[in-house]
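Listed below are the residues making up each chain.
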Amino acid sequence: MGQGKRITVDLVRQSEDPDVSATFERLAGKSIGIVNIHRTIANSPAVFNRFIGLAHALRFETELDPGERELAILVVLERHHGDYELDKHRGLARAAGVSDAKIAHVRSPDAEVGLFSPRELAILAFAEHFAADPAARPDAVDTAIEAYLDNRQRIELGLTLALYMGLAHFTALLDVPED
């Protein structure tokens, strides 16, 4: 999807706010470092550290399988044109052992019969349903996810998808430059 004009935002490079500075220090030591989404959100010092805490908890402290989580995130990002995040999460999916074929068919899992396990198909269906326009959702939902993920895991997956759906909308409206 082409990007039209977006709303300009400043990127915080350095900050005198102690919470922002401390969060930047922590992020600098991580694998992806400090990226432009971090520099954008740092404009709100009171929210920045907590946002990073939530994002890291959803990535590193859940009971979700990393590959399955990334497949679900890709569904949401592709459906909501989360261009800023897509390549990063394709890389994270590969790092978690997800094949390029699965990444390529995340929105059309039936195109390659046998490519996805029944568990992965249930997770992809959940992600598609989660990402759907509420007015377009069917009354009856696919409940296959209940056979594979317990209550905690379903909540963790839903919160993860909510975060990335929000980020897709955030970066589509606000001019967060590619890294």
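Our structure's up above, just so we're on the same page.
(A) Seen up close, the overall build of the protein chain. Summing up its helical and strand segments, the protein chain has eight helices and two strands in all. Going from N to C terminus, the protein chain has its helices and strands arranged as β-α-α-α-α-α-α-α-α-β. For the protein chain, whose C-alpha radius of gyration is 17 Å, the value lies close to the compact-globule estimate of 16 Å for 179 residues. In terms of overall dimensions, the protein chain has a C-alpha envelope of 55 × 35 × 30 Å along the principal axes. Of all 179 residues assigned to the protein chain, the portion counted as buried reaches 39%. A separation threshold of at least 6 residues defines the contact pool for the protein chain, and within that pool the share at least 24 residues apart is 68%. When the accessible surface of the protein chain is totalled, it reaches about 9700 Å², and 53% of it is carbon and sulfur. Distance between charge centroids for the protein chain: 3 Å, based on 19 positive and 28 negative side chains.

(B) Layout of the packing of helix α1 (residues 18-28) against helix α3 (residues 45-60). Where α1 contacts α3, the two axes come as close as 9 Å, and the packing angle between them is 30°. Overall, the two elements α1 and α3 adopt an arrangement that is roughly parallel. Both α1 and α3 take part in a crossing whose hand is left-handed. Every residue of α3 that contacts α1 at V20, T23, F24, R26 and L27 is listed here: P45, F48, N49, I52 and H56. Here the residues of the contact of α1 with α3 are counted per class, giving six nonpolar, three polar and one charged.

(C) Representation of the pattern of salt bridges within the structure. Per the stated rule, a full pass over the model turns up twelve salt bridges. Put simply, D87 and R90 hold a salt bridge, and the shortest N to O gap is 3.3 Å. With D87 and R90 both in helix α5 (residues 83-95) and three residues apart, the pair spans about one turn of that helix. When its relative accessible area of 58% is taken as the criterion, D87 is described as exposed.

(D) Highlighting the environment of D17. One can find D17 in the loop between β1 (7-8) and α1. Judged by its relative accessible area of 25%, D17 falls in the partly exposed class. Along the primary structure D17 and A46 are separated by 29 residues, whereas in three dimensions their C-alpha atoms are 9.5 Å apart. Within the structure, D17 has its side chain in polar contact with the backbone nitrogen of V20 (distance 3.1 Å).

(E) Main features of the side chain of E156. Relative to the helices and strands, E156 is located in helix α8 (residues 151-173). Owing to a relative accessible area of 10%, E156 belongs among the buried residues under this scheme. Within the local environment of E156, its side chain forms a polar contact with the backbone nitrogen of E63, the two atoms lying 2.8 Å apart. For E156, the contacting residues outside a window of four places in its chain are L58, E61, T62, E63 and L64.

(F) Expanded view of the packing of aromatic side chains. Evaluated as defined, the whole model comprises two aromatic pairs. Ring geometry for F24 and F48: centres 5.5 Å apart, planes at 75°, overall edge-to-face. Taken together, the residues F24 in helix α1 and F48 in helix α3 connect sequence positions 24 residues apart. Here F24 matches F48 in class, with each residue buried. Plain terms: the ring middles of F126 and F130 are 6.3 Å apart, the flat faces sit at 35° to each other, and that makes the pair tilted. Separated by four residues within a single helix, F126 and F130 lie in helix α7 (residues 118-131), roughly one turn from each other. Of the residues examined, F130 reaches a relative accessible area of 23% and is grouped as partly exposed.

Thresholds applied
Residues numbered from 1 in each chain as written. Predicted model: local features only at pLDDT ≥ 70, side-chain atom pairs only at ≥ 80, totals over all residues. Heavy atoms only, no water. Helix = DSSP H or I, 4+ residues; strand = E, 2+ residues; numbered from the N terminus. Rg over C-alpha atoms; globule rule 2.2 N^0.38 Å. Buried < 20%, exposed > 50% of the residue type's maximum accessible area, 1.4 Å probe, protein only. Contact = heavy atoms within 4.5 Å. Areas by Shrake-Rupley, 256 points an atom, 1.4 Å probe, with all protein chains shown as cover. Lys, Arg positive; Asp, Glu negative; His and termini not counted. Charge placed at Lys NZ, Arg CZ, Asp CG, Glu CD. Axes fitted to C-alpha atoms, helices over the stretch in contact; angles between N-to-C directions. Parallel < 35°, antiparallel > 145°, perpendicular 65-115°, else oblique. Left-handed = near helix turned anticlockwise from the far one by under 90°. Nonpolar A, V, L, I, M, F, W, Y, C, P; charged D, E, K, R; others polar. Salt bridge = Lys/Arg side-chain N within 4 Å of Asp/Glu carboxyl O. Polar contact = N/O pair within 3.5 Å; in protein donor to acceptor, adjacent residues only side chain to side chain. Phe/Tyr/Trp six-rings, centres within 6.5 Å; stacked < 30°, edge-to-face > 60°.

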